[in-house]
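Close look at the chain arrangement
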Amino acid sequence: MRQEEKFKLEIQKKIAEIDFRQHIGASLVNLESRRKDSLSCFNNLELAKLRAAYTKWKVNENLDKFLIDFEGSIVRKGGKVIWAYDISNAQNEVLQIIQKQKAEKIIRSKSILAEEIELDSFLNSKGINHHLADVSDYILKQTKKTPYNFITPTIEDSFSDVKNKLNQSIRVSLDADENEMLSDIKEELRSEFFHADLAITGANFLIADSGLVAISEDSGAARLSFAFAKTHIVLAGIDQIIPGLNELDLFLSLYSTHSKGKVLQSFSTITGPRERDDFDGPTEFIVILIDNGRSEVLASQDQRQALSCIDCGACNNVCPVYKTIGGNQTYLQHQSGPIGQVIQPLKAGLDNFGFLSNHTTFCGKCTEVCPVNIDIHNHLLRNRRDFVNQGFASKGDKLAWYSWNKLMLSRKNLNRQTTLRNFTFKSFFKKDWGEEREFPKIVEKTFNQIWREQKGL
Ligand code: SF4
């Protein structure tokens, strides 16, 4: 089945689930209101966003230089950088490290790149057992779900649903409140941290001038994962670079406020492998820098701004389409919502994923909230333009829009009988509307008739 057909089927399923939509809608509204409240910590938010956007622009324009600087800084401290061109390249690099280190107890904390390269299923297919350090990943495993999105992976299920499922697997009490349930899960996870010999984490920011890796997290799971392990692998995208430590406070503040509505979320900065006087920390420190289509985005001069994304998810929470049709599963990828609709067609090809850019209202709310001022809705328009210019629009689509254009520009056609107008409307849109919802009917009178009546003409 083509990607577009899969996407439309998922949409039709999601929009028919009224309870699901109400639950997700309320949760996203709550998240958005926390984001707005937390913004009062900025003296001048617009200036902060401008500074962040300018810094990211500078990085994108000189990415080769910043990446080499980062690699040099890591190597000087005894760490290693591996460059991975695509998903299978990145998966195999992780596998080789595990095999070389003869690692038996592997722990992985939350990482958007691990999702992108489908690391869990790859390691399982190779018979490599690994533990998940993060509470949300643990819940997803127990409930047999995939992440709804990166910031709030378990948002799809209500607290009582999760509790019921965990009651069956790890005997969480049905009377437990949220804190008690979390503490039961953490108890389950704790021993895995102490015995891990290899840790895999993600990264939020890679700092070019000092070779530091910054991870922003609520739970401390990433920090605990690599505290005891002998080997630490960091999975990062080549677009996660910032120039120096001076910029880290700005980016961490923008990330915390825009992702979880927190003034400052706890974070760890990793300096490299253990040094002679250190009590703990890994002896092997390896950063895998993953491209996986990012160079394609960089190559497009008028679209490369999309690489500035810091994965805060704020654009999702305000998007009327995202709120209605669901998360990663609907969007068929790990990065859903407006920025996913911009980036995925650029990374994986307009021919396969160009259709994603059509599913938007162009309200511009995504652009308004983006902390790094990405012009998201205009990038969607550019994708549409390139999709048509590169000849990917189907003959059926071209014919449909040609006819629609003719119809809408003709007063005579618009004034035709309602039954005829309803028939035409249905012929264009009924298939995409789906079977589950009642198809809307066009009003009896045309705009032209109403206007004439009101003016007494
Ligand atoms: S595009 Fe902007 S708002 Fe959306 S996830 Fe990226 S940084 Fe956040």
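Quantities reported herein were computed from a predicted structural model and do not represent experimental measurements.

Considering helix H17 (residues 337-348)
The terminal C-alpha atoms of H17, which comprises twelve residues, lie 16 Å apart, in line with the 16 Å expected from a rise of 1.5 Å per residue. With eleven of twelve residues buried, H17 is to be regarded as a mostly interior element. Every buried residue belonging to H17 is among Gly337, Pro338, Ile339, Gly340, Gln341, Val342, Ile343, Gln344, Pro345, Leu346 and Lys347, and all of these are buried. Positive phi shows up at Gly349, right after H17, with a value of about 105°.

A look at the pairing of strand E6 (residues 212-216)
For E6, a buried count of five out of five residues is recorded, marking the element as mostly surrounded by other parts of the structure. Across the two faces of E6 the burial is the same, with Leu212, Ala214 and Ser216 and Val213 and Ile215 all buried. In this antiparallel pair of consecutive strands, strand E5 (residues 205-207) and E6, the connection spans four residues, and Gly211 shows a positive phi of 65°. Direction of pairing for E6 relative to strand E9 (residues 267-270): antiparallel, over a ladder of four bridges. Within E9, the position partnered with Val213 by the bridge is Ile270.

Here's the deal with the domain arrangement of the protein chain
On domain assignment, one finds that the protein chain holds domain 1 (1-41 + 309-393), domain 2 (48-292) and domain 3 (395-455). Taken over C-alpha atoms, the centre of domain 1 sits 27 Å from the centre of domain 3. Facing five residues of domain 1, the contacting portion of domain 3 comprises six residues. Residue composition of the side of domain 1 that touches domain 3, by class: three nonpolar, one polar and one charged.

About the criteria used
Residues numbered from 1 in each chain as written. Predicted model: local features only at pLDDT ≥ 70, side-chain atom pairs only at ≥ 80, totals over all residues. Helix = DSSP H or I, 4+ residues; strand = E, 2+ residues; numbered from the N terminus. Expected span 1.5 Å × (residues − 1). Buried ≥ 20, exposed ≤ 12 C-beta atoms within 10 Å, placed from the backbone. Pairing = 2+ DSSP bridges. Domains from an automatic or database assignment. Contact = placed C-beta atoms within 7 Å. Nonpolar A, V, L, I, M, F, W, Y, C, P; charged D, E, K, R; others polar.

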